Amino acid sequence: MLPSIDFDGDDVEVTQVVNVREEPLIIGQLLGQEQQGTFGTVVGEGVDADGYTWWDVDFPRLSGWSIENALSGTTASSGTASVFSLLAKRSRTAGAVPG
């Protein structure tokens, strides 16, 4: 399955607290968390694993893999930024977002 959007090279904003992992897996080593409102840059293609699409993101404080449904991207078109929300893959369980 392909990622629902191509974030490669895009700036993204964290829309909810998200874990940043060393590998694109729920069991990947947890490097830390980024808070809502933090911006980062996607540095590669999305990877589908463990029921999520993961993106490798360089945040100001951490770099690693985070799940797509906790990110929102901005793209420049006609000189203004347009924002889109990614709600494609929600966790099947309540509580903290694993990615």
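Placed above this text is the structure.
Everything in this summary refers to the structure shown in the same document.

Parameters at a glance
- Residues numbered from 1 in each chain as written.
- Predicted model: local features only at pLDDT ≥ 70, side-chain atom pairs only at ≥ 80, totals over all residues.
- Heavy atoms only, no water.
- Helix = DSSP H or I, 4+ residues; strand = E, 2+ residues; numbered from the N terminus.
- Buried < 20%, exposed > 50% of the residue type's maximum accessible area, 1.4 Å probe, protein only.
- Contact = heavy atoms within 4.5 Å.
- Areas by Shrake-Rupley, 256 points an atom, 1.4 Å probe, with all protein chains shown as cover.
- Phe/Tyr/Trp six-rings, centres within 6.5 Å; stacked < 30°, edge-to-face > 60°.
- Polar contact = N/O pair within 3.5 Å; in protein donor to acceptor, adjacent residues only side chain to side chain.
- Core = buried A, V, L, I, M, F, W, Y, C linked by side-chain atoms within 4.5 Å.
- Pairing = 2+ DSSP bridges.
- Patch = residues over 30% accessible without salt bridge, like charges linked within 9 Å, V, L, I, M, F, W, Y side chains within 5 Å.
- Salt bridge = Lys/Arg side-chain N within 4 Å of Asp/Glu carboxyl O.

Points about the overall build of the protein chain
So, point 1. Within the protein chain one finds zero helices and nine strands.
So, point 2. In the protein chain, the succession of helices and strands from N to C terminus is β-β-β-β-β-β-β-β-β.
So, point 3. When burial is assessed residue by residue, the protein chain has 40% of its 99 residues classed as buried.
So, point 4. Within the protein chain, contacts between residues at least 6 apart in sequence are counted, and of these 55% link residues at least 24 apart.
So, point 5. Carbon and sulfur atoms provide 52% of the accessible area of the protein chain, an area that totals close to 5,500 Å².

Some details on the packing of aromatic side chains
So, point 1. Applying the stated criterion across every chain, the model contains one aromatic pair.
So, point 2. Here the aromatic rings of tyrosine 52 and tryptophan 54 are separated by 6.3 Å at their centres, their planes lie at 75 degrees, and the arrangement is edge-to-face. Each member of the pair, tyrosine 52 together with tryptophan 54, is buried.

Regarding the environment of valine 47
So, point 1. Note on placement: valine 47 falls in strand β5 (residues 47-49).
So, point 2. Taking the C-alpha atoms as reference points, valine 47 and tryptophan 65, 18 residues apart in sequence, are found 9.4 Å from one another.
So, point 3. Sequence-distant contacts of valine 47, defined by excluding residues within four places in its chain, comprise Pro24, Tyr52, Thr53, Trp54 and Trp65.

Description of the environment of arginine 21
So, point 1. By the secondary structure assignment, arginine 21 is in strand β2 (residues 18-21).
So, point 2. Only 3.3 Å separates the side chain of arginine 21 from the backbone oxygen of isoleucine 26, close enough to count as a polar contact.

Quick word on the nonpolar core
So, point 1. Of all hydrophobic cores here, the largest spans 16 residues; its most connected members are Trp54, Val57, Phe59, Ile67 and Leu71.
So, point 2. Within the residue set of this core, elements represented by two or more residues are β1 (11-14), β2, β6 (52-58) and β7 (63-67).
So, point 3. Here this core gets four residues from one element, more than from any other, and that element is β6.
So, point 4. Excluding anything up to four places from it in sequence, valine 57 contacts Val12, Gly40, Thr41, Val42, Leu62, Ser63, Gly64 and Leu71.

Quick look at the pairing of strand β4 (residues 39-42)
So, point 1. Only one face of β4 is covered, namely the face carrying Gly40 and Val42; the face carrying Phe39 and Thr41 is uncovered.
So, point 2. Pairing analysis gives three bridges linking β1 to β4, with the strands arranged antiparallel. Bridging across to β4, glutamate 13 finds its partner in phenylalanine 39.
So, point 3. Relative to β6, β4 runs antiparallel, the two being bridged by two bridges. Bridged to threonine 41 within β6 is aspartate 58.

Some points on a nonpolar patch on the surface
So, point 1. On the surface, Leu25, Ile26 and Ile27 cluster together to form a nonpolar patch covering roughly 280 Å² of accessible area.
So, point 2. Mapped onto the elements, leucine 25 comes out in the loop between β2 and β3 (30-34).

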